[in-house]
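Okay, here's what each chain looks like letter by letter:
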Amino acid sequence: MSTRTPLMAGNWKMNLNHLEAIAHVQKLAFALADKDYDAVEVAVLPPFTDLRSVQTLVDGDKLKIKYGAQDISAQDSGAYTGEISGPMLAKLKCTYVAIGHSERRQYHAETDEIVNAKVKAAYKHGLTPIMCVGEELDVREAGNAVPHTLAQVEGGLKDLPAEQAETIVIAYEPVWAIGTGKVCGADDAQEVCAAIRGKLAELYSQDVADKVRIQYGGSVKSGNVAEIMAKADIDGALVGGASLDADEFVKIVRFRDQ
Ligand SMILES: O=C(CO)COP(=O)(O)O
């Protein structure tokens with residue numbers, strides 16, 4: 001039995017303005033009880049423009065919900081128009097930051113080198129990366145899901161010391177399962193997540209590999225979360241669309257009841 005605390009994180013993507021964010025987090029806070037937080041770590045990843053409002057609410061009401069950003073600049077400051085830095089996110093008391101989401105890899109040409117630089121920037125400023133990896137449909141159909149994903153893991157973690165690597169969260173998100181309603185079969189997801197853990201053991205040690213939380217992401221809903229969470233190497237979910245519905249996200253957090 002693993003001692004890893006499951007992490008259920010809602011990636012809101014480019015949805016909910018700061019007023020909607022407050023209402024949404026209030027709904028989650030009202031529904032979730034101490035027993036939920038005892039069993040599962042719960043986090044939301046709102047757009048940058050919502051973070052200050054979410055911080056104020058979480059601080060003011062002493063909520064146990066964690067929050068983080070959806071991206072981080074590899075730079076600390078300077079002439080990088082439109083970018084948001086690690087020091088800015090740290091000042092907002094973000095716990096997490098998603099890095100290398102497939103939508104950033106696809107629409108913003110983020111490579112494993114960029115992901116690696118962002119992972120290091122996150123650690124430099126005390127943020128925990130949720131590093132996203134996963135294959136496109138053609139890669140899976142060619143039978144290369146595991147090697148493709150492991151290459152992303154290795155590239156993203158390059159030269160990262162073990163003391164940092166052991167706290168990272170890795171989200172395995174097969175691109176073809178994101179926002180499509182096509183959930184990856186639990187056995188297929190487990191196969192890749194187990195391979196990721198094996199890669200961590202090879203790069204670092206079994207001890208580090210045993211500590212890292214590996215999430216599954218891609219069309220997770222209350223109806224499929226229990227089957228996914230039953231797998232030995234899956235320690236949580238990175239939830240997109242279903243995290244925008246507070247009732248549904250609460251059910252996902254309570255996956256043990258589904
Ligand atoms: O990309 C995702 C989370 O980061 C998954 O999105 P969906 O849950 O909407 O498929």
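Residues numbered from 1 in each chain as written. Predicted model: local features only at pLDDT ≥ 70, side-chain atom pairs only at ≥ 80, totals over all residues. Heavy atoms only, no water.

1. Digging into the side chain of glutamate 110
Put simply, the rule is: Only DSSP runs of H or I with at least four residues qualify as helices, and only runs of E with at least two residues qualify as strands; both kinds are numbered from the N terminus onward. In the analysis that follows, any N or O atom pair within 3.5 Å is treated as a polar contact, provided that within protein one partner can donate a hydrogen and the other can accept it, and provided that, for residues neighboring in sequence, both atoms belong to side chains. In what follows, residue pairs with any heavy atoms lying within 4.5 Å of each other are defined as contacts.
As for its placement among the helices and strands, glutamate 110 is situated in the loop between α5 (102–107) and α6 (112–124). Among the polar contacts listed, one links the side chain of glutamate 110 to the side chain of arginine 104, at a separation of 2.9 Å. If sequence neighbours within four positions are ignored, glutamate 110 has contacts with Asp71, Gly100, Arg104, Arg105, Val115 and Lys118.

2. Section: the site of the ligand
Put simply, the rule is: We call a residue near a molecule or strand when any one of its heavy atoms sits within 4 Å of it. Only the protein chains shown count as cover for residues, and the accessible areas themselves come from Shrake-Rupley with a 1.4 Å probe.
The full set of residues close to the ligand is Asn11, Lys13, His101, Glu173, Ala177, Ile178, Gly179, Gly218, Ser219, Leu238, Gly240 and Gly241. One nitrogen or oxygen atom from the main chain of glycine 240 is found 2.9 Å from an oxygen atom belonging to the ligand. Separating an oxygen atom of the ligand from a backbone N or O atom of glycine 241 is a distance of 2.8 Å. Protein burial of the ligand: of its 310 Å² of free accessible surface, 94% is covered by the chains.

3. Here's the deal with the UniProt feature "binding site: substrate" (unreviewed entry) in the chain
Defined as follows: UniProt positions are given in the numbering used here, feature names are shortened, and annotations may be inferred rather than shown by experiment. The classification of residues rests on relative accessible area computed with a 1.4 Å probe and restricted to protein chains. Under 20% of the type maximum is buried, over 50% is exposed, and intermediate values are partly exposed.
In the numbering used here, UniProt assigns the "binding site: substrate" (unreviewed entry) feature to Asn11, Trp12, Lys13, Gly179, Ser219, Gly240 and Gly241. A maximum C-alpha distance of 13.8 Å among these annotated residues, which run over 231 residues, shows that they cluster at one spot. Tracing the sequence through the fold places serine 219 in the loop between β7 (213–217) and α12 (222–229). Apart from the residues lying within four places of it in its own chain, the contact partners of serine 219 are Ala177, Gly179, Thr180, Gly181, Lys182, Val183 and Asn224. There is a polar contact of 2.8 Å between the side chain of serine 219 and the backbone oxygen of alanine 177. For glycine 240, a relative accessible area of 18% gives the class buried.

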